Amino acid sequence: MHRENKSSVQLIHLLGFKIDPTFKFLIMLLILIVYIFSLAGNLMITVLVHLSRNLKHPMFFFLSHLSLCDIILSTNIVPNMLHVIQCEGVTIPFAACMTQFLFFGTAVASECLLLTVMSYDRYLAICNPLRYTSIMNSQLRFWLVILCWFSSFIVSFVAVIMMNTLEFCGQSTIDNFFCDFWPIIKLSCSDTSALEMEQTLIGIPVTLIPVGFICVTYIHIFITILRMSSSSGRQKAFSTCSSHLTVVCIFFGTMVANYVVPSSGNLLNTNKLVSLFYTVVTPLLNPIVYSLRNLEIQSHPLLF
């Protein structure tokens, strides 16, 4: 019986969006254009940071890994999403669904932790500038990035392992355009309370602690800026953290809107649109925000 249950969901059907055929090609073209620009922008930042001697500042090192997160996130979701829209729903192997969730979870968790590390970097630069270089040395920022990627992968991998221990039977349809955690476990006919508790316990340090840490660091940053005597100094200090703060608000705002707001009833289509925003649009906004607000990137000779 157990094998019959497992074999009945060897395939997962993704419903995607209900789109008027008249606008389907236009919407696919728009998503493709956004994806291409997003990929180009994040690749540009990654290449510039690794090739240019003028962009060896710790902030740019973290920014390059943030861009790598966006590349993985959008590339993992968008090509298959376009296929789902074109075919008005597709069927994929259960293993492919798990793999997509693994990469999705790793990229999202890594971005969350990297934004936290970047807030610490801004805190040191503004609140403790004399010791900034000695504290945020190459060894520390290397290990911080390794910790972000490794812990994010482990969290997602543990979730995948636990989901594979569940029994799945009957319905094998996900009303979304990609494989996310909650839609997957809703397909299970076994008790998922332990897995839900595990995800909650892991989700607290991965999301709530970073949000709290970012809030505390920016409280100190704003207090330090307000205490500065010169207006030019305050303006310069604020400009060094405004890009990061903008990206933090966009990223965490969309994540909260998607995972805190219930995904039942009439809100399901809203959650799909929010998911579309942070998997397609947000990866494009990050390089735009940092490029427009950063003179070092704007004036780089490789851009001309």
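What counts, and where the lines are drawn
- Residues numbered from 1 in each chain as written.
- Predicted model: local features only at pLDDT ≥ 70, side-chain atom pairs only at ≥ 80, totals over all residues.
- Heavy atoms only, no water.
- Helix = DSSP H or I, 4+ residues; strand = E, 2+ residues; numbered from the N terminus.
- Polar contact = N/O pair within 3.5 Å; in protein donor to acceptor, adjacent residues only side chain to side chain.
- Contact = heavy atoms within 4.5 Å.
- Axes fitted to C-alpha atoms, helices over the stretch in contact; angles between N-to-C directions.
- Left-handed = near helix turned anticlockwise from the far one by under 90°.
- Nonpolar A, V, L, I, M, F, W, Y, C, P; charged D, E, K, R; others polar.
- Pairing = 2+ DSSP bridges.
- Buried < 20%, exposed > 50% of the residue type's maximum accessible area, 1.4 Å probe, protein only.
- UniProt positions renumbered as here; feature names shortened; annotations may be inferred.
- Disulfide = S-S within 2.5 Å.
- Expected span 1.5 Å × (residues − 1).
- Bend = angle between axes of the 7 residues up to and from the residue.
- Parallel < 35°, antiparallel > 145°, perpendicular 65-115°, else oblique.

Time to look at the side chain of Thr254. With respect to the helices, strands and loops of the structure, Thr254 is situated in helix H9 (residues 231-259). Engagement of the side chain of Thr254 in a polar contact is seen with the backbone oxygen of Ile250, the distance being 3.0 Å. A distance of 2.9 Å separates a polar side-chain atom of Thr254 from the backbone oxygen of Phe251. Discounting chain neighbours no more than four positions away, the residues touching Thr254 are Val274, Phe277, Tyr278 and Thr282.

Before going further, it helps to spend a moment on the packing of helix H4 (residues 94-127) against helix H6 (residues 138-163). Between H4 and H6, whose axes approach to 8 Å, the crossing angle comes to 145°. Note on packing geometry: the crossing formed by H4 with H6 is right-handed. Residues Met98, Phe101, Leu102, Gly105, Thr106, Ala109, Ser110, Leu113, Leu114 and Val117 of H4 form the contact with H6, whose own contacting residues are Leu144, Val145, Cys148, Trp149, Ser151, Ser152, Phe153, Ser156, Phe157, Ala159, Val160 and Met163. Class assignment of the residues belonging to the contact of H4 with H6 gives a composition of 16 nonpolar, six polar and no charged.

Okay, the sheet that holds strand E3 (residues 173-174) next. The mixed open sheet is built from three strands, whose spatial order is E2-E1-E3. One side of each edge strand has no neighbouring strand; the edge strands of this open sheet are strand E2 (90-93) and E3. Pairing of strand E1 (residues 11-14) with E3 involves two bridges; the strand directions are parallel. Bridge pairing in E3 links His13 to Thr173. Strands in contact with helix H3 (residues 58-87) are E1 and E2; relative to E2, the strand with the most contacts, it is inclined by about 140°.

Here we come to unusual backbone geometry. Residue Glu88 is not a glycine yet carries a positive backbone phi of 55°. Tracing the sequence through the fold places Glu88 in the loop between H3 and E2. Judged by relative accessible area, which is 52%, Glu88 ranks as exposed.

It is worth spelling out the UniProt feature "transmembrane region" (unreviewed entry) in the chain at this point. Sequence positions flagged by UniProt for "transmembrane region" (unreviewed entry) are, in local numbering, residues 25-48, 60-78, 98-120, 140-163, 202-226, 238-261 and 273-292. As a span, residues 25-48 carries 100% helix and 0% strand, and end to end its C-alpha atoms are 34 Å apart. Across residues 98-120, helical content stands at 100% and strand content at 0%; the span's end C-alpha atoms are separated by 33 Å.

Take the state of the cysteines next. If you walk through the whole model with that rule in mind, you get one disulfide. Here Cys97 engages in a disulfide with Cys179; their sulfurs sit 2.0 Å apart. Its S-S torsion of about -120° marks the bond between Cys97 and Cys179 as left-handed, since a negative value means left-handed. Linking Cys97 in helix H4 with Cys179 in the loop between E3 and helix H7 (181-185), this pair joins segments that are 82 residues apart in sequence. According to the relative accessible area criterion, Cys97 is buried, its value standing at 1%. With no disulfide partner, Cys69 has as its closest neighbouring cysteine sulfur the one in Cys148, 8.3 Å distant. Distance from the sulfur of Cys215, which forms no disulfide, to the nearest cysteine sulfur (Cys249) is 9.1 Å.

With 30 residues, H3 should cover 44 Å at 1.5 Å per step; its first-to-last C-alpha distance of 44 Å lies within 8% of that length. When the local axis directions of H3 are compared, the greatest deviation, roughly 25°, occurs at Ser74.

A few words on the packing of helix H2 (residues 21-51) against H3. Where H2 contacts H3, the axes come no closer than 9 Å and their chain directions differ by 160°. On the basis of their axis angle, the class for H2 and H3 is roughly antiparallel. In this structure, H2 meets H3 at a crossing whose hand is left-handed. Residue composition of the contact of H2 with H3, grouped by class: 18 nonpolar, nine polar and two charged.

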